[in-house]
Amino acid sequence: MVKGRKLYEGKAKVLYEGPEPGTLVVHFKDDATAFNGQKFEVIEGKGVLNNRISEFIFQRLMDMGIPTHFIKRLNMREQLVKKVEIIPLEVIVRNIAAGSIAKRLGLKEGEPLPRAIVEFCLKNDELGDPLVTEEHINAFGWANPQEVDDMIHLSLRVNDILSGLFAAIGIRLVDFKLEFGREYSPDGMVRTILADEISPDSCRLWDMKTGEKLDKDRFRRDLGGLVDAYTEVARRLGIISGNNGGGSGPKLVKG
Ligand code: ADP
Ligand code: UDP
């Protein structure tokens, strides 16, 4: 499949025009960034793993009736998606205190939250993606009340599905970030659908037995072993076979 011109290069992915109108080719890079781009490293193999893990998760969510932008994986680094108008918010769902909420509210990292908490941050790198409330979202028109409702409901359903999926492979889903977009149909209808990626770059995943971090905190906190951790997540999900001979799925190759 021939991809069209480059439309956008972000911190972790590059977007190209897709083969049909209304489609995009998303290319997953090996670049890792944190703290608003202040920390940067190229981690060989990360893009391939995120492409495969995100594909797997989006497929499972679609099986459960969640509307998403995902169409199909094209190769080891690229996937074909529906082009949407991204709602300029990051939706964060938290089950356990970690990262910014622990700092902000003085919670101990690892403390279970009273219930799943949904937060919104404005997608704005210059401002460091500040936390915003529904009042700000409505007042500034970043999303309408129906879209806010859709995002909350879909995020909580995604949380239920993914918490179960990861628990079944001995991984605790601590928190994660979602992005949503507007899909316009030819008859003028607009639908809120899940976009971007769901991968260890955008989730906190802790091994249930050992507490080991299997996510981007390995990079943020200089723990090392990021590719090994992401490979372990992919192996447990059954996406790739392990080095120890477990599983019979396809071998992960560089692409
Ligand atoms: P960033 O823009 O934060 O550096 P990435 O490198 O991940 O992040 O870039 C991917 C960009 O593509 C993000 O800005 C994201 O909002 C956008 N995006 C994800 N899915 C879609 C989609 N289906 N249609 C249009 N844009 C998308
Ligand atoms: N997250 C993300 N992109 C962002 C900010 C957060 O994917 O720009 C994810 C992050 O990986 C974690 C969750 O959202 O799984 C909550 O992140 P938090 O607010 O604790 O931010 P951080 O600790 O990274 O500052």
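If you're wondering where the values come from, they're calculated on a predicted model, not measured in any experiment.

### Focus: the packing of helix α1 (residues 46–63) against helix α4 (residues 145–167)
At step 1: Their axes nearest at 11 Å, the elements α1 and α4 cross at an angle of 120 degrees. The angle between the axes of α1 and α4 places the two elements in the oblique class. For α1 against α4, the interelement crossing comes out right-handed. Where α1 abuts α4, its residues F56, I57, R60 and L61 lie against V158, I161, L162, L165 and F166.

### Section: the confidence of the model for the protein chain
At step 1: Averaged over all residues, the pLDDT of the protein chain equals 95, while 95% of them reach at least 70.
At step 2: Between residues 244–251, whose pLDDT stays under 50, and residues either more than four places distant or in other chains, the model counts eight contacts.

### What about the state of the cysteines?
At step 1: The tally for this structure, following the rule as stated, stands at zero disulfides.
At step 2: We note that C121 lacks a disulfide partner, and the nearest cysteine sulfur, in C203, lies 15 Å from it.
At step 3: What makes C121 buried here is its relative accessible area of 9%.

### Structural notes on the nonpolar core
At step 1: Among the nonpolar cores identified, the biggest contains 47 residues, and L61, L89, M151, V158, F166, L194 and I198 are the most heavily contacted of them.
At step 2: The element contributing the most residues to this core is α4, with seven residues.
At step 3: With residues near it in sequence (within four places) discarded, M151 still touches I87, L89, V91, F120, A143, F180 and T192.

### Structural notes on the sheet that holds strand β7 (residues 78–82)
At step 1: Judged by pairing direction, the sheet is antiparallel, and its five strands sit side by side in the order β1-β2-β3-β7-β6 without closing on themselves. The open sheet terminates on both sides in strands that have one partner only, identified here as β1 (6–9) and β6 (70–73). Across the sheet, the axes of successive neighbouring strands diverge by a mean angle of 25 degrees, strand direction being ignored.
At step 2: The pairing of strand β2 (residues 13–17) with strand β3 (residues 23–28) spans five bridges and is antiparallel. Residue pairing for β3: K13 is matched across the bridge by F28.
At step 3: Where α1 meets the sheet, it contacts β3, β6 and β7, and its direction lies at approximately 135 degrees from that of β6.

### Brief notes about helix α6 (residues 226–237)
At step 1: The end-to-end C-alpha distance of α6 is 17 Å, a good match for the 16 Å that 12 residues give at a rise of 1.5 Å each.
At step 2: Listing the buried residues of α6 in full gives L226, A229, Y230, V233, A234 and L237. One side of α6 carries all its buried residues, which in axial view fall inside an arc of 140 degrees.
At step 3: Residues of α6 that are buried in the fold lie against α1, α4, β12 (171–184), β14 (203–207) and α5 (217–220).
At step 4: G238 occupies a position one or two residues after α6 and carries a positive phi of about 85 degrees.

### Considerations on the environment of I92
At step 1: Structurally, the position occupied by I92 is in strand β9 (residues 89–96).
At step 2: In this structure, the C-alpha to C-alpha distance between I92 and I152, residues 60 residues apart in sequence, is 9.8 Å.
At step 3: Residues within four places of I92 in sequence aside, it is in contact with I117, V118, E119, C121, F176 and K177.

How each quantity is defined
Residues numbered from 1 in each chain as written. Chains lettered and ligands numbered in written order. Predicted model: local features only at pLDDT ≥ 70, side-chain atom pairs only at ≥ 80, totals over all residues. Heavy atoms only, no water. Axes fitted to C-alpha atoms, helices over the stretch in contact; angles between N-to-C directions. Helix = DSSP H or I, 4+ residues; strand = E, 2+ residues; numbered from the N terminus. Parallel < 35°, antiparallel > 145°, perpendicular 65-115°, else oblique. Left-handed = near helix turned anticlockwise from the far one by under 90°. Contact = heavy atoms within 4.5 Å. pLDDT = per-residue confidence, 0-100. Disulfide = S-S within 2.5 Å. Buried < 20%, exposed > 50% of the residue type's maximum accessible area, 1.4 Å probe, protein only. Core = buried A, V, L, I, M, F, W, Y, C linked by side-chain atoms within 4.5 Å. Pairing = 2+ DSSP bridges. Expected span 1.5 Å × (residues − 1). Arc of directions from axis to C-beta.

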